[in-house]
Number of protein chains: 4
Amino acid sequence: MASTIKRIGVLTSGGDAPGMNAAVRAVVRACIYYDIEVFGVYKGYDGLINANIKQLYVRSVSNILSRGGTFLLTARSEEFRTKEGREKAYENFKKFDLDALVVIGGDGSFTGANIFSQEFDVPVIGIPGTIDNDLAGTDFTIGFDTACNTAREAIDKIRDTASSHERLFFVEVMGRDAGFIAVNSAIGGGAVAMVVPEHNWTIDALIKRLRKGAANKKASNVVVIAEGCQLGNAYEVADAVKKELGYFDIRVTVLGHLQRGGSPTTMDRVLASRLGVAAVEGLRHGESKVMVGMINNEIAYTPIGQAIKTEKRLGAEEFRIAKILSI
Amino acid sequence: MASTIKRIGVLTSGGDAPGMNAAVRAVVRACIYYDIEVFGVYKGYDGLINANIKQLYVRSVSNILSRGGTFLLTARSEEFRTKEGREKAYENFKKFDLDALVVIGGDGSFTGANIFSQEFDVPVIGIPGTIDNDLAGTDFTIGFDTACNTAREAIDKIRDTASSHERLFFVEVMGRDAGFIAVNSAIGGGAVAMVVPEHNWTIDALIKRLRKGAANKKASNVVVIAEGCQLGNAYEVADAVKKELGYFDIRVTVLGHLQRGGSPTTMDRVLASRLGVAAVEGLRHGESKVMVGMINNEIAYTPIGQAIKTEKRLGAEEFRIAKILSI
Amino acid sequence: MASTIKRIGVLTSGGDAPGMNAAVRAVVRACIYYDIEVFGVYKGYDGLINANIKQLYVRSVSNILSRGGTFLLTARSEEFRTKEGREKAYENFKKFDLDALVVIGGDGSFTGANIFSQEFDVPVIGIPGTIDNDLAGTDFTIGFDTACNTAREAIDKIRDTASSHERLFFVEVMGRDAGFIAVNSAIGGGAVAMVVPEHNWTIDALIKRLRKGAANKKASNVVVIAEGCQLGNAYEVADAVKKELGYFDIRVTVLGHLQRGGSPTTMDRVLASRLGVAAVEGLRHGESKVMVGMINNEIAYTPIGQAIKTEKRLGAEEFRIAKILSI
Amino acid sequence: MASTIKRIGVLTSGGDAPGMNAAVRAVVRACIYYDIEVFGVYKGYDGLINANIKQLYVRSVSNILSRGGTFLLTARSEEFRTKEGREKAYENFKKFDLDALVVIGGDGSFTGANIFSQEFDVPVIGIPGTIDNDLAGTDFTIGFDTACNTAREAIDKIRDTASSHERLFFVEVMGRDAGFIAVNSAIGGGAVAMVVPEHNWTIDALIKRLRKGAANKKASNVVVIAEGCQLGNAYEVADAVKKELGYFDIRVTVLGHLQRGGSPTTMDRVLASRLGVAAVEGLRHGESKVMVGMINNEIAYTPIGQAIKTEKRLGAEEFRIAKILSI
C-alpha cells in the first residue's frame, strides 16, 4: 500500500508525563525511517493555533530520550475548545501542508483530537501520555511506571523517618480520579493502608485497619491517599484519624508535582518507543481517530471515542493483595 | 474447601534477583493471614538437606521489601541433584512437619522442585525469580524490571562519557541465553545496535549498521551485547569491529553482577507481592507442581514441566523497533 | 594511656537523619575493635529512662550502613528535660555499668547530654546528626549531604514539569532556622531565586528578580523557600508573588519529610564512619562534654556548650553565586 | 579596577567528569553577568586549533546543569602538545579576539594551558574537572563526589548479591594513580578491604585481613581495588587470593566508564558553580596561570605549575578508619 502520508505534525498536550520526549523521539525517527517529514507543534494545540511549528530532524531529538517533561512544551488550550480556535489550527495545518497529526496526551487532549479529526477530516492518532494510567485501550500509559517509582521511592524515604520516630504518615499521591499510582506505590512501598477513589472506604474502616496494625505492634507506618479519593485530601483524612487514634504521632506529606517529572524508567521508554513507532505506522496504514496502546504486550488501535469513554477500572485484586500484606 | 496446608516451607534458590525478599515477605504474610505456619529454609535446597530452617513471623520480614538480594540466602545445590540429597531433604521436610514447599528461583531450581514433588508426593509451587525473564508461564519474572533499569541507568551514564568523547562503547549486559535485558536496555538506553542470542546477527551486519550511524554523524554511541550472544563476548565483538572501523575510539564495559542487586522497582515489588500471595493461595486450593506467574496481568498457574521446557521467545517486534529508532 | 572506658552506651536522639545508622555502626565497630562493650539505648533518652537497652555486636550492625533512619529509633524526650527523668536515666546508666555515653543528634539532644554529663559527672560525647547542618564545630552534619541531594533531585523533577508547562514553582525545603539545604539545593537545582532565614529579602526584591527572569524569557522556573524564612511559608510567598505577577502560572510543592529519609550518600557515610570512630577514640582519650566534628577535613572536638551556642552562619558568598547564576 | 577582559573562551579537556557542564554554565552566566562575551571551544584544544568555536548565551546553557558529560565535548589533543599546534591555536585565539581562556580539566590539560599561557602571554585559568581528585590546590575536584557515589551505589548493589550467595567480590574502581574514589567508596560501601596505589599492601596482608573476616563469619564481602594499585588489576588480585583462600566463591566486577557519567550530585554542582564564577572573577582581577580551587570551603587560586607538580596525598587516617570498620 502506498501511503499518502508525507508530512506529520506531532504535539504534546495536557499534563506532562515522563516519557513524552521518548515518544516524540520515536515519532520523529519513525517518520524519517519512512521518509516522512515531521514537524513539532509547540505548546500543545496552542502551537497549532499560533503556527508555533518547526520541522524536526534526527538531531532534533538527540539527548531527549532520558529527559523528563516534553521539549515540545505542553498546555491545556482553551482556544482549541472553540470552533474558531480549531479553525485557526486547521488553517495552519494546511499552511504547513500536514497530512496527519500525532497527539501525545490524556483524555482531554484526545477529545480535542477527535473533534478536530471529525470537523476537518484529518487523520489523527493519539498516544497515551499521562501518569494517571486512566485510559482504556492500553494496559499502561506513558509516564505511569515512572510516577509509580517516584511515589514509591518517596514513600521508601518517608518510611525511614516514620520507622525511626514510630510515626504514622499520610502520603498523598497523584492520579486524578484513578487510584492506579496509589495502589502500586502502596503495595510497592509496604503501606499499611490506601484510600483510593474506586473503593468505598470509610474513615471507620481505615481506623479499624490502623487499630489492628497497632495491635500487631506496627507502631509506625504509611497510609497512601489518592488525590481523588472521596474521604478528602491527606490532611482531612489525617485529621479524622487523629481524632480517633490520638496516640499516633501523625504527619502528612503531599508529594505533588515531583511525580510528574524525572528521567523515565526503562519500561516507560520502551513503551513510548513502541507506541511512537506504531503511531506513525498506523497513520501509514490508514488508521485515524484511534489511540495506539499496548494490550497484553501487543500494539492495539482503539477508537478514540471508545478510549476516552470507557472507564478503566482498577481491579479488586490489588485491594485484596494489599489487605493481606498489611497485616 | 478446607485446606490441609498447615505448615509451609519457603526457600530461594539459584541466582538471586531483586524482589526475592518481597516475594518471601508476601509468602510469609499470606501464610499468617491464612493461619498457616511458615518456615524459612536457608541457602536454597542445601538448607532443606541440612535442616537450616527457622519459623518466620510478620516481624521476620519487616524492612525487607525494599532490599535487594534474599535474606534467606541462596545457592545452587549439587547435593539436591542426587537422590540421596533429596532424601535427606525429605527427611527434614517431614521432621519439620511441613505440608508444602514454595521455591523462588529459576528453571534449574524448578527442575529440582518438580523432581522432589514427584518423588515424595509433596505439594510444591514455584515463583519465578530471575533477572533473565527466560521462563514461560509468566510475562515477567521477578527481578527483570529492576535489572533492565539498572542496566539502562548504567548505559545512560556511559552514554554521557561516550558523547563527550565521541566514543563507541560496547556494553555487555546479563541475561544468560536470553536477550530480554539486552533488548529493553538497548531500546531504553537509545543504543545504536544490540546483539542478542535470539538473533542471527553477523559482525558484518553490525558493522553495516555502525557505518550507517557514522554516516548520520552519530560519532558516539553504545552497542549493547547480551552475554549469551553468538558473536562472542563484548571484548571479542569490539575487537572484530575495531578491525573494520578503526576510526572509532572503542571501549568496552561489562556491567556484571551489579545487575543482580539493588532495591527492586515498584513493578518488581508489586509482581513479587502478587505472586507470593498467589503461591500460598494456590497451595491452599490444591495446586502443586506448578509455577505461579502473571499472564496478561492475571495470575496463572503453569505446570512446572511446561514452564521450564517451553522456550520463551523474544518477539521480533523489538528488533524492528530498535532498528527503526537507531537511524 | 590505659583507658578506663570499658562499656559505652550509644543512642540517637531528636529528628532522624540519613547516616545515623552508619554512625552507630562505626561506634559499635570501634568499640569492639578497642575491646569495649557497647550498648544500644533505644528511642533516645527515653530508652535510658526506661532501661530500653541492649548489648550490640558486630552482627547487630550488619546491613545498616546503607539504610536511612536509625534502627535504635529516636525521640524527643520530655521526661529527660526534668531532673527526675535524668535521675532515672542515671540509675539505668549505673545499672548497666556504663562508663560513657555517645549521643547522636542535634542541638536539643546535645543540651540534654551536656546537662546529664555535668549533673552526674559522666563522660558524654556528641556526634552531629541532623539534616539541618546548623551546628558549629563541624563543617557538615551527618545527613546534610543526603538531604541536599534529596531536595535537589526533587527540584530536578519539578523543573521537568515546570519547563514543560512554563510554570513557576515555589518549592519549600527543610532546614529549620538555617538555609543550608535551601542554598545548596537552589544552586544545585538551578533555581531562579531562594528565600532563606539568614537573608533579609523582601517580597519586592523577590518579585524584582522574577520580573528580570521573565524579561530574559525564563518563562518557567523554580524558587526555593527555606521552611524557616521570614517571608512566610511557600504558600504565603507564592500568594504574595501571584498578586503582583499574575501572568505566571504558579504552583507550590512542600517537600516535607522525605528529606529526612533515604539511603545516605557516600559523603554522609564516610563522615558518619569517621565521626563514629573518633567519638570512641575521644572517650578513650578522656574527652567529655564535647561534640566531635570535622573541620577542614580534620577531626575536631568542640565543647558542647560552644557547639550549641555559636551560630553557624551561612556565608554571603553563596548568595552572590546564586544571584550571578540566576540571570 | 577596570577589567580588560571582554571576551573569554572556555573549553573542556581530557577525561570528562560529571559537573563539567555545570562549570561551563557558571562560566557562561558569570561572563554575561559581567558583560563579557563568552565563546565555547569544542572538543578541547583541538577546537582551538581547528576554530571549532561558537559564542555562547544564557540559553546555550539551559538544561545542562543536571547533565553528565560535557556538551562542549572533550578530547586529549596530540597536536596541542606540539609548538605548531599551539601556534594554530593562538591564531584562532586572536582571530576570535579572545582575551582569556578557561580550561576545565585535569593535570594534562593544565600542563598544556600553562605552556600556552607562557608562550603567548595569554591569561589562562584552570578549573579542576576530573573524577580522580588527584589535583593539589583544591580539596575536591569536580566530578569526584559523583564518581564516589556511582561507585558506592554499584558496590551497594553488588553487596546484595554477594550477601545472598555468601560470595567475595573484587570490585575495581577508577582513580588513575590515586586511591580517593577507592577509599571513599570502600568506606561508604562497607568493604572488608581496599587496595590503593598509595598503600604498600601485599597480597599476604590482604589475605590475612580476609581470613580474619572469615573467622568473624563474614562469609560474603567486597574488596575494593583501585585501578592504579600495585598488586595488579582486580582479576589478578582475585586470582592471587583464590589460590590461598580457595573456600571463597570469588567474583570480579570492573566498574569501568559508568563512573565517568551520570547526573552530578548536589555537591559537584555547587562546587562547579562556585569555581566557574570564581574563574571569571579571577580573570577580571588579573589572575593567570592559576587553577581555581576550593580549600577549606574558600576559593583559592594556585599557580598551575604548583597544582600539577604537588602530589595530593591520600591521608593515612582513612586507612585506619577502614581497618577499624572492617572487623
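Just so you know, the residues in each chain are numbered from 1, in the order the chain's sequence is written. Chain letters start at A and ligand numbers start at 1, both assigned in the order the entries are written. Note on the predicted model: pLDDT of at least 70 is required for a residue's local features to be given, and 80 or more for side-chain atom pairs to be given and counted; whole-chain, interface and lining totals, by contrast, use all residues. To get the side-chain values, take all heavy atoms of the structure and skip hydrogens and water.

Here the focus is the interface of chain D and chain B. The contact definition used throughout considers only heavy atoms, calling two residues in contact when any of these lie within 4.5 Å. Across the boundary between the two partners, chain D contributes 32 residues, which contact 32 residues of chain B. The contact between chain D and chain B buries some 2,300 Å² in all, and 54% of this surface belongs to carbon and sulfur atoms. By salt bridge we mean one thing: a side-chain nitrogen of Lys or Arg within 4 Å of a carboxyl oxygen of Asp or Glu. The interface formed by chain D and chain B contains two salt bridges. Where Glu166 of chain B meets Lys43 of chain D, a salt bridge forms, and the shortest distance between an N and an O atom there is 3.0 Å. Pairing of N or O atoms within 3.5 Å defines a polar contact, subject to two protein rules: one partner must be a possible hydrogen donor and the other a possible acceptor, and residues neighboring in sequence count only if both atoms are side-chain atoms. At the junction of chain D and chain B, the tally comes to 14 residue pairs in polar contact (both at pLDDT 80 or more). A run of H or I in DSSP becomes a helix once it reaches four residues, and a run of E becomes a strand once it reaches two; helices and strands are each numbered from the N terminus. Within the residue set of the side of chain D that touches chain B, elements represented by two or more residues are α5 (144-165) and β9 (250-254) of chain D. Per element, the largest residue contribution to the side of chain D that touches chain B is nine residues, and it comes from α5 of chain D. We define buried area as the total accessible area lost by two parts upon association, computed with a 1.4 Å probe and summed across both.

As a further point, take helix α8 (residues 234-244) of chain A. All names here are of chain A. In this scheme, a residue with accessible area under 20% of its type's maximum is buried, one over 50% is exposed, and one in between is partly exposed, where area comes from a 1.4 Å probe on protein chains only. Within α8, the full set of buried residues consists of Ala234, Val237, Ala238 and Val241. Considered in projection along α8, the buried side chains sweep an arc of 100° and stay on one side of the axis. The opening residue of α8, the one whose side-chain oxygen lies 2.9 Å from the backbone nitrogen of Tyr235, is Asn233. Working definition: the arc comes from the directions between the helix axis and the C-beta atoms, pointing outward to the latter.

Of the transformation placing chain D onto chain B, the axial shift is 0.0 Å and the rotation is 180°, giving an RMSD of 0.0 Å. The superposition of one copy onto the other is thereby described by a two-fold rotation axis. The fraction of interface residues of chain D whose copies in chain B are also interface residues reaches 100%, indicating that both copies meet through the same surface. Copy-to-copy superposition: least squares on the C-alpha atoms, limited to residues that have pLDDT of at least 70 in both copies.

Once chain B has been moved 0.0 Å along the axis and rotated by 180°, it coincides with chain A to within an RMSD of 0.0 Å. The residues that chain B uses at the interface reappear at the interface of chain A in 100% of cases, marking a shared surface.

Residue and element names in this part refer to chain A. Sequence positions flagged by UniProt for "active site" (unreviewed entry) are, in local numbering, Asp132. Looking at the element boundaries, Asp132 is found in the loop between β5 (124-128) and α5 (144-165). Not counting the four nearest positions on each side in its chain, Asp132 is found in contact with Thr141, Gly175, Arg176, Ala178 and Phe180. UniProt positions are given in the numbering used here, feature names are shortened, and annotations may be inferred rather than shown by experiment.

Here we take up the side chain of Arg260 of chain A. Mapped onto the secondary structure, Arg260 of chain A falls in the loop between β9 (250-254) and α9 (266-284). Buried and unpaired, Arg260 of chain A has no salt bridge, with Asp16 of chain A as the nearest side chain of opposite charge at 4.6 Å. Engagement of the side chain of Arg260 of chain A in a polar contact is seen with the backbone oxygen of Asp16 of chain A, the distance being 3.2 Å. Among residues more than four places away in sequence, those in contact with Arg260 of chain A are Gly15, Asp16, Ala17, Pro18, Ile131 and Met174 of chain A together with Thr161 of chain C. This count recognises Lys and Arg as positive and Asp and Glu as negative, with His and chain-terminal groups excluded.

The UniProt entry lists Arg25, Ala26, Val27, Val28, Arg29, Arg159, Lys218, Ala219 and Ser220 of chain A under the feature "binding site: ADP" (unreviewed entry), expressed in the numbering used here. Structurally, the position occupied by Ala26 of chain A is in helix α1 (residues 20-33). Under the relative-accessibility criterion, Ala26 of chain A is labelled buried at 0%. Each residue touching Ala26 of chain A, except ones within four places of it in the same chain, is listed here: Ala272, Ser273, Gly276 and Val277 of chain A together with Leu325 of chain B.

This part covers the environment of Arg211 of chain B. All names here are of chain B. Structurally, the position occupied by Arg211 is in helix α7 (residues 203-215). C-alpha of Arg211 to C-alpha of Glu244: the two residues are 33 residues apart in sequence and 9.9 Å apart in space. The contact partners of Arg211, leaving out residues within four places of it in the chain, are Glu244, Leu245 and Tyr247.

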